[in-house]
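# What the coordinates show
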Amino acid sequence: LLCMILGLVYRKGQITELPIVVIDQDQSPSSAKLMNMLEESNKLRIVNSRYELGDLNKLLLQDKATATVVILYGFEADLLGQRRPEVNYYLNMFFTLTSSNVGAAVAQCTGTMNIGILVNTIEKKGVPHHLAIQQYEAFKHNAFYQYNPAGNYLYFLWPGLIFSMLHQLFLLALAGSFAREFEMATFNN
């Protein structure tokens with residue numbers, strides 16, 4: 001059974017097309033470029049895109065998404081004004097394996113866009129390329145963890161661990177009882 005479950009999870013040999021929801025409050029060319037980058041990532045698949053912020057927890061559960069990416073209002077204006085806007089993503093940490101992969105993929109997309117914007121901006125000011133790539137980021141990206149903030153499977157494993165320990169104790173007591181009955185020859189009576 002375990003081999004079948006692992007085989008179904010890893011049938012492609014890699015994790016791809018994990019569902020995400022994108023909330024684009026800015027609706028600008030820069031936010032559209034970021035959405036395009038997220039869609040082109042082989043690890044991510046946008047299952048729903050919205051323009052207004054609602055209940056994030058409901059969105060994660062309703063669309064069975066592993067993450068919700070929120071591009072806040074004024075994203076492009078803050079980029080052009082060099083005020084370091086934010087892109088927030090909320091990870092469904094119920095499945096830590098998939099959420100960590102989604103978090104890495106979103107961070108890679110936002111980081112790639114971030115460095116591209118920053119290097120182009122600084123190079124236009126006349127700074128050499130080797131100095132431009134050493135500068136700080138153009139916008140911030142923040143990860144927030146939902147449903148399992150610690151990202152720890154132990155919370156979900158405690159009931160199973162306790163049950164397995166009690167099960168072993170029960171079997172040990174049962175084996176001792178059977179051994180004692182056989183030893184005293186009272187088992188058949």
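Residues numbered from 1 in each chain as written. Predicted model: local features only at pLDDT ≥ 70, side-chain atom pairs only at ≥ 80, totals over all residues. Heavy atoms only, no water.

### Topic: the overall build of the chain
Each helix and strand in the chain was counted, giving seven helices and five strands. Along its sequence from the N terminus, the chain presents helices and strands in the succession α-β-α-β-α-β-α-β-α-α-β-α. Across the 189 residues that make up the chain, the buried fraction comes to 31%. Considering only intrachain contacts with a sequence separation of at least 6, the fraction spanning at least 24 residues in the chain is 71%. Carbon and sulfur atoms provide 60% of the accessible area of the chain, an area that totals close to 12,200 Å². (Helix = DSSP H or I, 4+ residues; strand = E, 2+ residues; numbered from the N terminus. Buried < 20%, exposed > 50% of the residue type's maximum accessible area, 1.4 Å probe, protein only. Contact = heavy atoms within 4.5 Å. Areas by Shrake-Rupley, 256 points an atom, 1.4 Å probe, with all protein chains shown as cover.)

### So, the sheet that holds strand S5 (residues 140–146)
Spatially, five strands are ordered S2-S1-S3-S4-S5 in an open sheet, and the strand pairing comes out mixed. A single partner strand is all that each edge strand has here, and the edge strands are strand S2 (44–50) and S5. Averaged over all pairs of adjacent strands, the angle between their axes in this sheet comes to 25°, without regard to strand direction. Pairing of strand S4 (residues 86–92) with S5, which is carried by seven bridges, proceeds in the parallel orientation. Looking at S5, one finds that Tyr-89 is bridged to Ala-143. Taken strand by strand, helix H5 (residues 96–124) contacts strand S1 (18–24), S2, strand S3 (67–71), S4 and S5, and its axis lies near 165° from that of S4. (Pairing = 2+ DSSP bridges. Axes fitted to C-alpha atoms, helices over the stretch in contact; angles between N-to-C directions.)

### Structural notes on the pairing of S3
Burial of S3 is extensive: five of the five residues sit out of reach of the surface. Burial along S3 is two-sided: the face carrying Ala-67, Val-69 and Ile-71 and the face carrying Thr-68 and Val-70 are both buried.

### Observations regarding the packing of aromatic side chains
What the rule picks out here adds up to one aromatic pair. Relative to Phe-144, the ring of Tyr-90 lies with its centre 5.0 Å away and its plane at 20°, an arrangement referred to as stacked. Taken together, the positions of Tyr-90 in strand S4 and Phe-144 in strand S5 put the pair 54 residues apart, joining distant regions of the chain. A relative accessible area of 17% means that Tyr-90 is categorised as buried. (Phe/Tyr/Trp six-rings, centres within 6.5 Å; stacked < 30°, edge-to-face > 60°.)

### A word on a nonpolar patch on the surface
A grouping of Leu-154, Leu-157, Trp-158, Leu-161, Ile-162, Met-165, Leu-166, Leu-169 and Leu-172 is seen on the molecular surface, where their side chains present a nonpolar patch of about 890 Å² in accessible area. The topology assignment puts Leu-166 in helix H7 (residues 154–184). With relative accessibility at 53%, the residue Leu-166 sits in the exposed group. (Patch = residues over 30% accessible without salt bridge, like charges linked within 9 Å, V, L, I, M, F, W, Y side chains within 5 Å. Salt bridge = Lys/Arg side-chain N within 4 Å of Asp/Glu carboxyl O.)

### A short note on unusual backbone geometry
We note that Lys-64 has phi near 50°; this positive angle belongs to a residue other than glycine. Along the polypeptide, Lys-64 turns up in the loop between helix H3 (56–62) and S3. For Lys-64, a relative accessible area of 69% translates into the label exposed. Positive phi values are uncommon outside glycine, yet Arg-84 reaches one of about 50°. Tracing the chain through its elements places Arg-84 in the loop between helix H4 (75–80) and S4. The partly exposed category is assigned to Arg-84, whose relative accessible area is 29%.

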